[in-house]
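# Close look at the chain arrangement
Residues per chain are reported as follows:
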Amino acid sequence: MSLDDPKISRPIIRQLDETAINRIAAGEVVERPASAVKELVENALDAGATRVLIEVAHGGKSLIRVSDDGCGMGPDDLPLALSRHATSKIDGSDLLNIQSFGFRGEALPSLGAVGRLKITSRAQGHEGHEIAVNGGVTDPIRPAALSRGTIVELRDLFFATPARLKFLRSDRAEMQAITDVVRRLAMAEPAVGFTLKDMTDAGRVVLRADPESGDLFDALAGRLRGLLGREFIDNALMIDAERDGLCLRGYAGLPTASRGAAVAQFFFVNGRPVRDKQLYGALRAGYMDVLARDRHPAAALFLDCPPARVDVNVHPAKAEVRFRDPDLVRGLVVASLRHALAGAGPQSATTIGDGMLGAFRPEATTPRIYQMDRPSQTSLIRARDWQAPHLAEAPTPWTPSARIEEGATLPEATTRPLGAARAQLHENYIIAQTETGMVIVDAHAAHERLVYERLKRQMEENGIARQALLIPEIVSLGADAERLLSHADDLAALGLIIEPFGPGTIAVRETPALLGAVAVEPLLRDILDQIDDLGRSEALRARLDAVLSRIACHGSVRTGRRMSGEEMNALLREMEATPKSGQCNHGRPTFVTLALSDIEKLFGRS
């Protein structure tokens, strides 16, 4: 059917009016109430606010009010603030040198086009004024009472576009999204105080973060402790690394403090919260051989780099970024995490010991009273005689599974991090005494990690042995062949030799000997999938590590083997000297630490 058909009218290009333009822009910038909160709070931070109050009602659908004590705006600035692409944060000459949260000048006119917006502001040296816009229609400026800063009030979001309201979730779900946005922005600015209130419920405080003081790490630790809980900081490693002008700082959780979902992973680029899949992939790679597949690390990492080396203008909501040198960024994140994990020494999450103590602790229904009348000396003698065991008359019909080693350790061994071995229970669990408590070690899991790390060191020192295929395997990958060949040098270092073999085809001539007989085509496609997703692949390395892990599992001390005191202490000393010995190859903890004070509490001694 051609356009000459009289039944078809030729489309006419029209210039949209300003209201329609703003409503279309709102569809990109303001996806939901949480998006509006993000834009308004970022404006407050760009204005130099030291305290920000966010008040919402009905999940932000009926009310969003953001108050700050920033520099404010004068009466001449208010109308400009509601104009598209009018901003005080850039001059437009260099879009690669952006050092503020906002820079497009789209948020306020977009919000005014789809809701009822009112801005009240006062700059130093001026009186307070307010301006209102309802569904794109702007009212005249009026005087208003305000001591300092700015108050932006948005009511009836999407009243001008009712169809958008149908796609919003429940009030509770929208409130959770708003809380998450405020939490991330509060992490990015520890020196700023944040308060989030739900006005639906009589002004209930949902989140409160007071300003933190001190140096960068002290302030950040205090803010993360308040937002993520004390358990996160108590079980996190400090990250502080620098490479080629990039700086990575923050905290990364211990492998044994992992989560069941990726809900505690926070990345910030030049202070901006981002959700970048490349950074998440680098985080996962940093924990590659210390976490089980279904576990996720917890981390809050801050990457600082020159503004010209990162493009923040690649996403409507500025939630993603694009780096000029993504391999350098990935290498910094992965290397920093692995270095911190390797240098942490034997550590186990405190939550494991707390959970163990909780299992020991009974539920008390009535207050326990330990005092009693002191018995007489005669009663004590009678009780002793009655309770004395008669071993000759009642032989023990079973063999105990606990053994105590006498004289096998030096007294100073208790000062070591994992202490001195005192006993072995159930032919697997080593009980060690430290200066401040005790340690329970899973001997099989610990030795498995030690053997695994030893095998990895041997492979790195001696290289990866290759096996030449008698007949090279030809794999047709189409347009993906060129992408895979561009990583040929990296794959060769891992024992996989590939060569071009005609258009869209690859010849595999050698494979890692450690893998034995391997299905080549599925392996290549797994590698390609990771390259598409993360820019590079860890699939081959992961397979090699999995083989070493299986070898280590079968070659380690088996449960049921009785160990001498010398063997137990030798295992403890090697754990102290081996990186990542706090968890086995499958991500499970290898030991649990119990403080003497906590043990005494179980018996009511403190």
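The structure this text deals with has already been given above.
Below is a summary of the structure that appears in this document. (Residues numbered from 1 in each chain as written. Predicted model: local features only at pLDDT ≥ 70, side-chain atom pairs only at ≥ 80, totals over all residues. Heavy atoms only, no water.)

Another aspect to go through is unusual backbone geometry. If you check the backbone angles, His-426 has positive phi at about 55° while not being a glycine. Along the chain, His-426 turns up in the loop between strand 18 (420-425) and strand 19 (429-433). Assessed through its relative accessible area of 53%, His-426 is described here as exposed. Notably, Lys-580 is not glycine yet its phi reads approximately 60°, a positive angle. Note on Lys-580: relative accessible area 10%, which makes it buried. (Helix = DSSP H or I, 4+ residues; strand = E, 2+ residues; numbered from the N terminus. Buried < 20%, exposed > 50% of the residue type's maximum accessible area, 1.4 Å probe, protein only.)

To continue, consider the sheet that holds strand 21 (residues 466-476). Hydrogen bonds along the backbone pair up the strands of a sheet, which may run parallel or antiparallel. The sheet built from three strands is open, its strands ordered 21-23-22 with antiparallel pairing. In the strand order of this sheet, the two ends are held by strand 21 and strand 22 (497-500), each with one partner. In this sheet, neighbouring strand axes are inclined to one another by 20° on average, regardless of whether the strands run parallel or antiparallel. (Pairing = 2+ DSSP bridges. Axes fitted to C-alpha atoms, helices over the stretch in contact; angles between N-to-C directions.)

Of all seven residues that make up strand 1 (residues 51-57), five are buried, and the element is covered over most of its length. Two strands pair when backbone bridges link them, and strand 1 and strand 8 (residues 193-198) are joined in this way by six bridges, in the parallel orientation. Across the sheet, Leu-53 pairs through a bridge with Thr-195, a residue of strand 8. Of the pairings in the sheet, the one linking strand 1 to strand 2 (residues 63-68) comprises six bridges and is antiparallel in character. Note that in strand 2 the partner of Leu-53 across the bridge is Ser-67. Once strand 1 ends, the chain turns through five residues before running back antiparallel as strand 2, passing His-58 with a positive phi of about 55°.

Time to look at the packing of aromatic side chains. The full count for this structure, using the stated rule, is three aromatic pairs. Taking the centre distance of 4.4 Å and the plane angle of 5° together, the rings of Phe-268 and Phe-302 count as stacked. Here Phe-302 lies in strand 14 (residues 299-304) and Phe-268 lies in strand 12 (residues 265-269), a separation of 34 residues in the sequence. Assessed through its relative accessible area of 1%, Phe-268 is described here as buried. With a relative accessible area of 12%, Phe-302 lands in the buried category. Over the face of the ring belonging to Phe-159 we find Arg-116, whose NZ or CZ atom lies 3.8 Å from the ring centre. (Phe/Tyr/Trp six-rings, centres within 6.5 Å; stacked < 30°, edge-to-face > 60°. Lys NZ or Arg CZ within 6 Å of the ring centre and 35° of its normal.)

Further remarks concern empty space enclosed by the protein. A water-sized probe, rolled over the atoms, reveals where empty space remains. For the structure on display, the rule yields two cavities of 30 Å³ or more. As a volume, the second largest cavity reaches approximately 40 Å³. As for the second largest cavity, its lining consists of Leu-246, Cys-305, Arg-309, Phe-323, Arg-324, Asp-325, Leu-328 and Val-329. (1 Å grid on protein atoms, 1.4 Å probe; cavity = no way out; pocket = protein on both sides within 12 Å on 5 of 7 lines; lining within 4 Å. Points joined across faces, edges and corners; volume = space filled by probe spheres on them.)

For the rest of this paragraph, the subject is the sheet that holds strand 12. If you walk across this open sheet you meet the five strands as 10-11-14-12-13, and the pairing is mixed. In the strand order of this sheet, the two ends are held by strand 10 (236-243) and strand 13 (272-274), each with one partner. Taken pair by pair, the neighbouring strands of this sheet meet at an average axis angle of 20°, ignoring direction. Note that strand 12 and strand 13 share three bridges and pair antiparallel.

Take the environment of Pro-326 next. The residue Pro-326 is located in helix 10 (residues 326-343) in this model. In this structure Pro-326 comes out as partly exposed when scored by relative accessible area, which is 30%. Along the sequence, Pro-326 and Leu-279 sit 47 residues apart, while their C-alpha atoms lie 9.3 Å from each other.

When the terminal C-alpha atoms of helix 2 (residues 33-46) are compared, their 20 Å separation across 14 residues agrees well with the 20 Å that a helix rising 1.5 Å per residue should span. The buried fraction of helix 2 amounts to 12 of the 14 residues, a majority that puts the element mostly inside the structure. Those residues of helix 2 not exposed but buried are Pro-33, Ala-34, Ser-35, Ala-36, Val-37, Lys-38, Glu-39, Leu-40, Val-41, Glu-42, Ala-44 and Leu-45. Following helix 2 by one or two positions, Gly-48 adopts a phi angle in the positive range, close to 80°. (Expected span 1.5 Å × (residues − 1).)

The contact between helix 6 (residues 171-188) and helix 7 (residues 216-228) brings their axes to 9 Å, and the two run at 165°. Classified by the angle their axes make, helix 6 and helix 7 are roughly antiparallel. Note on packing geometry: the crossing formed by helix 6 with helix 7 is right-handed. Within the contact between the two elements, helix 6 uses Arg-183, Ala-186 and Met-187 and helix 7 uses Leu-220, Arg-223, Leu-224, Leu-227 and Leu-228. Of the residues assigned to the contact of helix 6 with helix 7, the class counts are six nonpolar, no polar and two charged. (Parallel < 35°, antiparallel > 145°, perpendicular 65-115°, else oblique. Left-handed = near helix turned anticlockwise from the far one by under 90°. Contact = heavy atoms within 4.5 Å. Nonpolar A, V, L, I, M, F, W, Y, C, P; charged D, E, K, R; others polar.)

The next thing to look at is the layout of surface pockets. Taken as a whole, the largest pocket spans an internal volume of roughly 950 Å³. What lines the largest pocket is a set of 31 residues, and nearest its centre among them are Arg-284, Met-288, Leu-291, Arg-293 and Ala-542. If you list the elements that add at least two residues to the lining of the largest pocket, you get helix 9 (277-286), helix 16 (520-534) and helix 17 (539-555). No other element matches helix 17, which puts eight residues into the lining of the largest pocket. Residues belonging to the lining of the largest pocket are distributed by class as follows: 15 nonpolar, seven polar and nine charged.

This paragraph deals with the pattern of salt bridges. Per the stated rule, a full pass over the model turns up 26 salt bridges. Glu-153 is paired through a salt bridge with Arg-65; the nearest N and O atoms lie 3.0 Å apart. Linking Glu-153 in strand 7 (residues 149-155) with Arg-65 in strand 2, this pair joins segments that are 88 residues apart in sequence. With a relative accessible area of 14%, Glu-153 lands in the buried category. Of the residues examined, Arg-65 reaches a relative accessible area of 18% and is grouped as buried. A salt bridge links Arg-116 to Asp-156; the shortest N-O distance between them is 2.9 Å. Placement of the pair is Arg-116 in strand 3 (residues 116-122) and Asp-156 in the loop between strand 7 and helix 5 (162-165), with a sequence separation of 40 residues. Relative accessible area serves as the criterion here: at 35%, Arg-116 is assigned to the partly exposed category. Judged by its relative accessible area of 32%, Asp-156 falls in the partly exposed class. One network of salt bridges, in which partners are shared, links Asp-289, Arg-449, Glu-453, Lys-456 and Lys-580. (Salt bridge = Lys/Arg side-chain N within 4 Å of Asp/Glu carboxyl O.)

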